[in-house]
Amino acid sequence: MFCVIQEVATKTVPAGEPKGIEVYESRWTADGKEFCSYEYRNSAERFERPIRKSYRISIHESYQENGKVKKKQTVICTIGYYVVVDWGDWPGDSVVGGLASKADALGLEESELADYC
């Protein structure tokens, strides 16, 4: 049993982080007193994200059945390039259904699967 990491091209361009913060001032009068509040939101302008790559992590297992070599492949997760760059993410956070569900499908303990990844 071994872990394989494949580089996969993605079709969509990931949205970049906002380039700035926009501040809004609201002024109003109530009971003859003036009040002011400030709100902010991210700007619509975003940094460009030119790299269109993701990484598919899978576990491969070879075995023999009736004298023939068979191969079983289980995809653990797919992680985007910028998810890794921005957050330093580890594969367990990107697994749909959790790492425990994939470990059960492979017949492994969750800690063993985490060691493979």
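Scroll up to find the structure this text is about.
Within every chain, residues take consecutive numbers counted from 1 along the sequence as written. The predicted nature of this model means local features are confined to residues of pLDDT at least 70 and side-chain atom pairs, given and counted, to a pLDDT of 80 or more, with totals for whole chains, interfaces and linings taken over all residues. For side-chain calculations, the full set of non-hydrogen atoms in the structure is used, while hydrogens and water are omitted.

**So, unusual backbone geometry**
Its identity as a non-glycine residue notwithstanding, Asp31 has a phi of 55 degrees, on the positive side. By definition, any uninterrupted DSSP run of H or I lasting at least four residues is a helix, any uninterrupted run of E lasting at least two residues is a strand, and each is numbered from the N terminus. On the secondary structure map, Asp31 appears in the loop between strand E2 (21–30) and strand E3 (33–42). With a phi close to 55 degrees, Asn66 is a non-glycine residue in the positive phi region. Within the fold, Asn66 resides in the loop between strand E4 (53–65) and strand E5 (68–80). Of the residues examined, Asn66 reaches a relative accessible area of 76% and is grouped as exposed. Relative accessibility decides the category of a residue: with a 1.4 Å probe and only protein chains considered, values under 20% of the type maximum give buried, values over 50% give exposed, and everything between is partly exposed.

**Topic: the pattern of salt bridges**
Oppositely charged side chains can form a pair if their charged atoms are brought close together. Salt bridges are defined as contacts in which a side-chain nitrogen from Lys or Arg sits within 4 Å of a carboxyl oxygen from Asp or Glu. Taken as a whole, this structure holds four salt bridges when the rule is applied. Salt-bridge contacts for Glu45 lead to Lys19; the nearest nitrogen and oxygen are separated by 3.7 Å. Of the two residues, Glu45 sits in the loop between E3 and E4 while Lys19 sits in the loop between strand E1 (2–9) and E2, which places them 26 residues apart along the sequence. Between Arg41 and Glu22 there is a salt bridge, with its nearest N and O atoms 3.8 Å apart. Pair noted here: Arg41 is in strand E3 and Glu22 is in strand E2, with a separation of 19 residues, a long-range link. Glu22 sits in the partly exposed class, given a relative accessible area of 30%.

**Quick word on the nonpolar core**
By nonpolar core we mean a set of buried residues, namely Ala, Val, Leu, Ile, Met, Phe, Trp, Tyr and Cys, connected to one another through side-chain atoms within 4.5 Å. One finds Ile57, Ile59, Ile76, Cys77, Ile79, Val95, Ala103, Leu106, Leu108 and Leu113 forming the largest nonpolar core, which totals 10 residues. Listed by contribution, the elements that provide at least two residues to this core are E4, E5 and helix H2 (99–106). With three residues, the top contributor of residues to this core is E5.

**Observations concerning the pairing of E5**
When DSSP finds two or more bridges between a pair of strands, those strands are recorded as paired. Summarising the sheet, E4 and E5 pair through 12 bridges and their orientation is antiparallel. Bridging from a neighbouring strand, Ile57 pairs with Cys77 of E5. Between E4 and E5, which pair antiparallel and follow one another directly, the connecting turn spans two residues, one of which, Asn66, has a positive phi of 55 degrees.

**Notes on the side chain of Ser54**
Along the chain, Ser54 turns up in strand E4. Residue classification places Ser54 among the buried positions, given a relative accessible area of 9%. The contact criterion used throughout is that any non-hydrogen atoms of two residues lie within 4.5 Å. If sequence neighbours within four positions are ignored, Ser54 has contacts with Gln6, Glu7, Val8, Thr10, Thr78, Ile79, Gly80 and Tyr81.

**Side note on the sheet that holds E5**
Strand order in the open sheet formed by three strands is E1-E4-E5, with antiparallel pairing between adjacent strands. Every other strand in the sheet has two partners, leaving E1 and E5 as the edge strands with one partner each. For this sheet, the mean inter-axis angle between neighbouring strands, taken without regard to orientation, is 30 degrees. Summarising the sheet, E1 and E4 pair through eight bridges and their orientation is antiparallel. To get an axis, a line is fitted to the C-alpha atoms, and for a helix only the part in contact is used. The angle between two axes follows their N-to-C directions and goes from 0 to 180 degrees.

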